[in-house]
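The residues making up each chain are set out below.
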Amino acid sequence: MLRSGTSVGAQYREARRARSDAESLSKITSAHQELEETTYWLELLVRCEIVPKSLLGDLLQEADELGAIFTSIVLRLKERLGR
């Protein structure tokens, strides 16, 4: 979870510094995939009752919000690229 969770920020940073829309799309898509993996691990911790949902609820909500933001960015980039 640490690896996928920290990769989200690194991929997003690379997307912001990309040299082209195509490169940015690739990086933001990777960030979104890493976010989905991180969300999976957080949900698993709750489902297995390893960590109470009260401790991870805010993180899960933040992950959902970031997912919506990344989806919006991907759609705009695809539109600009004519995909």
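Structure: see above.
Described in the following lines is the structure provided in the data block. Please read all numbers here as calculations on a predicted model, not as lab measurements. (Residues numbered from 1 in each chain as written. Predicted model: local features only at pLDDT ≥ 70, side-chain atom pairs only at ≥ 80, totals over all residues. Heavy atoms only, no water.)

Observations concerning helix 2 (residues 21–47)
(1) Moving on: Between its terminal C-alpha atoms helix 2 stretches 38 Å, which fits the 39 Å expected from 27 residues at 1.5 Å a residue.
(2) Moving on: All of the buried residues along helix 2 are Ser 24, Leu 25, Ile 28, Ala 31, Leu 35, Thr 38, Thr 39, Leu 42 and Val 46.
(3) Moving on: Its buried side turned inward, helix 2 meets helix 1 (2–16) and helix 3 (53–81).
(4) Moving on: Two residues or fewer after helix 2 comes Glu 49, characterised by a positive phi angle close to 60 degrees. (Helix = DSSP H or I, 4+ residues; strand = E, 2+ residues; numbered from the N terminus. Expected span 1.5 Å × (residues − 1). Buried < 20%, exposed > 50% of the residue type's maximum accessible area, 1.4 Å probe, protein only. Contact = heavy atoms within 4.5 Å.)

Here's the deal with the packing of helix 1 against helix 2
(1) Moving on: Where helix 1 contacts helix 2, the axes come no closer than 8 Å and their chain directions differ by 165 degrees. Our classification of the angle between helix 1 and helix 2 gives roughly antiparallel. In this structure, the crossing between helix 1 and helix 2 has a hand that is left-handed. In this structure, helix 1 uses Ser 4, Gly 5, Ser 7, Val 8, Gln 11, Tyr 12, Glu 14 and Ala 15 to contact helix 2, whose residues at the interface are Ser 24, Lys 27, Ile 28, Ser 30, Ala 31, Glu 34, Leu 35, Glu 37, Thr 38 and Trp 41.
(2) Moving on: Partitioned by chemical class, the residues of the contact of helix 1 with helix 2 number 7 nonpolar, 7 polar and 4 charged. (Axes fitted to C-alpha atoms, helices over the stretch in contact; angles between N-to-C directions. Parallel < 35°, antiparallel > 145°, perpendicular 65-115°, else oblique. Left-handed = near helix turned anticlockwise from the far one by under 90°. Nonpolar A, V, L, I, M, F, W, Y, C, P; charged D, E, K, R; others polar.)

Quick word on the nonpolar core
In summary, soluble globular proteins display a tendency toward joint burial of nonpolar side chains.
(1) Moving on: If you look at the biggest cluster of nonpolar residues, it comprises 11 residues: Val 8, Ala 15, Leu 25, Ile 28, Ala 31, Leu 35, Ala 63, Phe 70, Ile 73, Val 74 and Leu 77.
(2) Moving on: For this core, the secondary structure elements donating two or more residues are helix 1, helix 2 and helix 3.
(3) Moving on: Per-element tally for this core: the top contributor is helix 3, with 5 residues.
(4) Moving on: The contacts of Leu 35, once residues within four sequence positions are left out, are Val 8, Ala 63, Leu 66, Gly 67 and Phe 70. (Core = buried A, V, L, I, M, F, W, Y, C linked by side-chain atoms within 4.5 Å.)

A closer look at the packing of aromatic side chains
(1) Moving on: Here the structure, examined in full by the defined rule, presents 2 aromatic pairs.
(2) Moving on: Ring geometry for Tyr 12 and Phe 70: centres 5.9 Å apart, planes at 20 degrees, overall stacked. You can see Tyr 12 sitting in helix 1 and its partner Phe 70 sitting in helix 3, a full 58 residues away along the chain.
(3) Moving on: For Tyr 12, a relative accessible area of 33% gives the class partly exposed.
(4) Moving on: Overall, Phe 70 belongs to the buried group, its relative accessible area being 4%.
(5) Moving on: Look at Tyr 40 and Trp 41: their rings are 5.0 Å apart centre to centre, the planes differ by 70 degrees, and that puts the pair in the edge-to-face class.
(6) Moving on: Classification of Tyr 40 by relative accessible area gives partly exposed; the value is 41%. (Phe/Tyr/Trp six-rings, centres within 6.5 Å; stacked < 30°, edge-to-face > 60°.)

Side note on unusual backbone geometry
(1) Moving on: Even without a glycine there, the phi angle at Glu 49 is positive, about 60 degrees.
(2) Moving on: The topology assignment puts Glu 49 in the loop between helix 2 and helix 3.

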